[in-house]
Structure formats: C-alpha cells, structure tokens
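Secondary and tertiary structure notes
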Amino acid sequence: MLARGLLRNQAHTGKAACSVVNSILIKRENMKNPLLALTTTALLGIATSAAQAIPINVAHLYGTATANEQYSVNGPALAIDNIVATVGDNNRWVASDHGTTANPNWLIIDLGQSYQVSSIVVYWGENPGWDTYTTQYKLYSGLNGSIWDPVGSGVFVDGAADVTDDYAFAGSGQNMRYVKYEVDGGSHWSSVSEIRVFAEPNTSSGVPEPASLALLGIGLAGLAAMRRRKT
C-alpha cells in the first residue's frame, strides 16, 4: 500500500486530461452550432480543471505545527514554512535532547481538515558541523490526533548535504488530518528542517467544487437541448 520513493503518476494523469482537452478543441474548431459550442465549452472547462488538479503542500498552506518542546527560537512552525535549511541558517525545529523510546520528542502537524494525501516528504536539511551525528525518527498519520497509523521510519545522519525521505501513497492516497514526526533515539538533539504533505485541493470531502458542478450542469443542459432538437 505504501511505496517509498518519488510520486510519478502525476504526469500520466496530466497527459490523460490534456488528451481530452485536445480532442474537444479539435471538434470545437469545426462546429457552427452555438448550442454545441456552449456545451463543448462547458465540457472543456471540466477537462481543464481535471488537468490542473496537481497536489499542493497542504501542511504549509493550511497546517499548524506543535511540539512537546523547542530549543531557543527553533519552534515547530519552522518545519512547515516551506524552507529547507541551508548552511548557516539553521531553519529547523529543534528539541533540547535526543529523545528516547520511553520519552520521545514529537512534532505534530494539524492540516485543519482531512485530506487524501498522495505523499509526505521529510527534509533533514543541511546541518554541517555535526557530521556523523544521527537522529532516529518515526512518522505517523491520523484522523483525530490520538490514534496513529505508522507511515515509515528512518535515520538521518548529519552532514553538509540535505537528506530527503519521501513516502508516497498508492492509489487515491491516504486519508489523514494529522501527521506526527517522532524522534526516539540517535546521538543528536531531535530536529527536522521541513515536512511537506501533498494532497489535491478539495479532496477531503469528495464533493466536487462548485465551479465544476456549474460547468457540468451547463454541459448536461446543452446535451439535453440538442437531443430535443434532433427529435
């Protein structure tokens, strides 16, 4: 169900939607019926909307982050600011100890509502000066903030180069509202530079957007009128 690696099905979806758009455009150029033109325009709008349904970083746009503790000014909000740490800026959430299995350090992201999440990307960021120090973490998802489903785990090793762990969900994605990053071991203080949570807009309720519904209504009305004229 869970595949670790880069999500690659977006290009296929985009090509399929664009194929529909191109097909409609070709037919539209050759038609002279105003009613048919209105119907085709509505269907074109729906196809274009589908082509543009690209996953966005809902953690940065809509989320809030909390943590069990922070060191100095390195608060949890830095983990969802859409900025990956580079040399010298220390743009990351940091706790003041390593975290243990009995007493892990944690950071929780509340997305504000549930989404069908396609992938979660965890960025360690550049953290020079502590080469070979390690941070052992686990990643969870949940719907209510108290019951957690495991997503994955890993070990980050400090150094000058950024390290990224990408967790991609198969099919329509994983339904979640909360993401929990938990550090329970390692030789370095608990931290992370960035956590990005990708989902398509308005996928939390499964209800189509009002604009798409309106376009669909126009298209169906046009098809019905055309059928009546033929009969």
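Higher on the page you've got the structure.
Described in the following lines is the structure provided in the data block.

All right, on to the packing of aromatic side chains then. Per the counting criterion, the structure on display carries eight aromatic pairs. Here the aromatic rings of Y62 and Y115 are separated by 6.3 Å at their centres, their planes lie at 10°, and the arrangement is stacked. Of this pair, Y62 sits in helix 3 (residues 58–62) while Y115 sits in strand 5 (residues 105–123), placing them 53 residues apart in sequence. The class for Y62 is partly exposed, based on a relative accessible area of 45%. Accessibility expressed as a relative area gives 5% for Y115, which makes it buried. Through successive ring pairs, a cluster of aromatic residues spans W93, W124, Y137, F156 and Y181. The positively charged end of R196 is found above the aromatic ring belonging to Y123, 4.7 Å away from the centroid.

Relative to the helices and strands, G173 is located in the loop between strand 8 (164–169) and strand 9 (174–185). What makes G173 buried here is its relative accessible area of 15%. When residues no more than four places from it in sequence are discounted, the contact partners of G173 are Q116 and V117.

So, on to the pairing of strand 9. The buried fraction of strand 9 is high, at 10 of 12 residues. Pairing of strand 6 (residues 134–142) with strand 9 involves seven bridges; the strand directions are antiparallel. Bridged to Q136 within strand 9 is G185.

As a further point, take the pattern of salt bridges. The tally for this structure, following the rule as stated, stands at four salt bridges. D110 is paired through a salt bridge with R177; the nearest N and O atoms lie 2.8 Å apart. Taken together, the positions of D110 in strand 5 and R177 in strand 9 put the pair 67 residues apart, joining distant regions of the chain. According to the relative accessible area criterion, D110 is buried, its value standing at 18%. Classification of R177 by relative accessible area gives partly exposed; the value is 25%. For K138, the salt bridge goes to D184, with nearest N and O atoms at 2.5 Å. Here K138 is found in strand 6, whereas its partner D184 is found in strand 9, with 46 residues between them in sequence.

Basis of the calculations
Residues numbered from 1 in each chain as written. Predicted model: local features only at pLDDT ≥ 70, side-chain atom pairs only at ≥ 80, totals over all residues. Heavy atoms only, no water. Phe/Tyr/Trp six-rings, centres within 6.5 Å; stacked < 30°, edge-to-face > 60°. Helix = DSSP H or I, 4+ residues; strand = E, 2+ residues; numbered from the N terminus. Buried < 20%, exposed > 50% of the residue type's maximum accessible area, 1.4 Å probe, protein only. Lys NZ or Arg CZ within 6 Å of the ring centre and 35° of its normal. Contact = heavy atoms within 4.5 Å. Pairing = 2+ DSSP bridges. Salt bridge = Lys/Arg side-chain N within 4 Å of Asp/Glu carboxyl O.

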